[in-house]
Amino acid sequence: WSHLLTTDLVFGPISQMSDRRFRSLVVGLVGAMHIRGTDAMHYAADALKSLVACKECAMRMLAMPTLDCLLLQEMTQLLRLPDAVKYTSAILCHLAAHESVRHGLVGDAPNFELLFHQLVVMMNELTLPYATAVLVAFSADPQSRKALLQMGPARPLITELGNLINPSKSVLPGPPCAVLRALTADWSSQARCISVHPDPFILCASVMFQ
C-alpha cells in the first residue's frame, strides 16, 4: 500500500471500495502504526499520509460514523510514542491542509481537545518542531483559530509560548513565534490570545525582545 499510494493509479480503485473495506484499510494502517521496532510503522505512516493527502479520501474518513473520532483518538495516542511523533505530525498536517477536513476535525471538540492537550505537552525541545507544524496547520483560517482558542488547552499553550519565546530560555524562539503568529493572524484572535495569557505584558515584551 505504501508504494501503491504514491501513484495516482490506485485512487480510482479506492474510490470504488465499499465503505466496509475502506474503513478496514484505514483502521489497518492506523493499527500498523502502533507496531514498534519494525518497518511496519514507517510503511503504514507513508501509506496513510498519501491517503489523507487526497481530499476525497480524507472527507470520506470524516463522513464515516465513528471513524473520525477513532482517527483523532489514535493520532493522539501515536503522538505519545517517540517513534511515531514524526509520522503522526506529518499525517495531521496533511489532514489540516484541506479546509473542510480541518473544520470537521476541529469541530469534534471533545476528541480534538485531547489532541490539542497532547500538542501542548509536546512543547519541549525534543518534539517542539512537530507540535509547531501541527498547530500552525490547524490555525490556517479564522474559524479554526477561533475554535482552538476557545478550547481548554489554549490558556496553557499561550502561557507556554510566552515562556519559550522569553529570551532567557535556551529553546530556540523560532517555532513558538511561528505558532503565535499563526494564532494571532486576525484581530479577534489577537484579542483572545491576550485575554487568556495571565500576564499579556510579559508575552508582548518577550515577543518584542526577539
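A few points on the structure. (Residues numbered from 1 in each chain as written. Predicted model: local features only at pLDDT ≥ 70, side-chain atom pairs only at ≥ 80, totals over all residues. Heavy atoms only, no water.)

Below, the discussion takes up the overall build of the chain. Along the backbone of the chain there are 14 helices and zero strands. The N-to-C order of helical and strand elements in the chain reads α-α-α-α-α-α-α-α-α-α-α-α-α-α. Every one of the 210 residues in the chain was classed for burial, and the buried ones make up 47%. In the chain, the share of contacts with a sequence separation of at least 24, taken over all contacts with a separation of at least 6, comes to 69%. As displayed, the chain has an accessible area near 10200 Å², and 61% of this comes from carbon and sulfur atoms. (Helix = DSSP H or I, 4+ residues; strand = E, 2+ residues; numbered from the N terminus. Buried < 20%, exposed > 50% of the residue type's maximum accessible area, 1.4 Å probe, protein only. Contact = heavy atoms within 4.5 Å. Areas by Shrake-Rupley, 256 points an atom, 1.4 Å probe, with all protein chains shown as cover.)

It is worth spelling out helix α13 (residues 187-196) at this point. An α-helix turns once every 3.6 residues. As a result, residues three or four positions apart point the same way. All of the buried residues in α13 are Ser-189, Cys-193 and Val-196. Buried residues in α13, looked at end-on, bunch into an arc of 75 degrees, giving them a common side. In this structure, α13 carries Trp-187 and Ser-188 as exposed residues pointing more than 90 degrees from its buried face. Turning to α13, the residues buried within the fold contact α10 (142-149), α11 (154-165) and α12 (174-183). (Arc of directions from axis to C-beta.)

Moving on, we come to the pattern of salt bridges. With the rule as written, the count across this model stands at four salt bridges. We note a salt bridge from Arg-60 to Asp-19, for which the minimum N-O separation is 2.9 Å. Of this pair, Arg-60 sits in helix α4 (residues 55-63) while Asp-19 sits in helix α2 (residues 19-32), and the two are 41 residues apart along the sequence. On the basis of relative accessible area, Arg-60 is assigned to the buried category, the value being 18%. Looking at Asp-19, the relative accessible area reads 49%, which means it is partly exposed. With a shortest N-O distance of 2.8 Å, Arg-145 and Asp-186 are connected by a salt bridge. Residue Arg-145 is found in helix α10, and its partner Asp-186 is found in the loop between α12 and α13; the two are separated by 41 residues along the sequence. (Salt bridge = Lys/Arg side-chain N within 4 Å of Asp/Glu carboxyl O.)

We now examine the packing of aromatic side chains. Applying the stated rule across the entire model yields one aromatic pair. The ring of Phe-22 carries Arg-60 above its face, with NZ or CZ at 4.5 Å from the centroid. (Phe/Tyr/Trp six-rings, centres within 6.5 Å; stacked < 30°, edge-to-face > 60°. Lys NZ or Arg CZ within 6 Å of the ring centre and 35° of its normal.)

Below, the discussion takes up the packing of α2 against helix α3 (residues 40-53). Put simply, α2 and α3 touch, their axes get as near as 8 Å, and they point 140 degrees apart. Classed by the angle they form, the pair α2 and α3 counts as oblique. When you trace α2 past α3, the crossing you get is left-handed. Of the residues in α3, those touching α2 at Leu-25, Val-26, Leu-29, Val-30 and Ala-32 are Ala-40, Met-41, Ala-44, Ala-47, Leu-48 and Leu-51. For the contact of α2 with α3, a count of residues per class yields eleven nonpolar, no polar and no charged. (Axes fitted to C-alpha atoms, helices over the stretch in contact; angles between N-to-C directions. Parallel < 35°, antiparallel > 145°, perpendicular 65-115°, else oblique. Left-handed = near helix turned anticlockwise from the far one by under 90°. Nonpolar A, V, L, I, M, F, W, Y, C, P; charged D, E, K, R; others polar.)

Within the largest apolar cluster, 67 residues are counted, with the highest numbers of intra-cluster contacts made by Leu-48 and Phe-112. Of all the elements, α3 adds the most residues to this core, at seven residues. When neighbours within four sequence positions are excluded, Phe-112 is seen to be in contact with Leu-72, Leu-105, Val-106, Phe-138, Leu-148 and Met-151. (Core = buried A, V, L, I, M, F, W, Y, C linked by side-chain atoms within 4.5 Å.)

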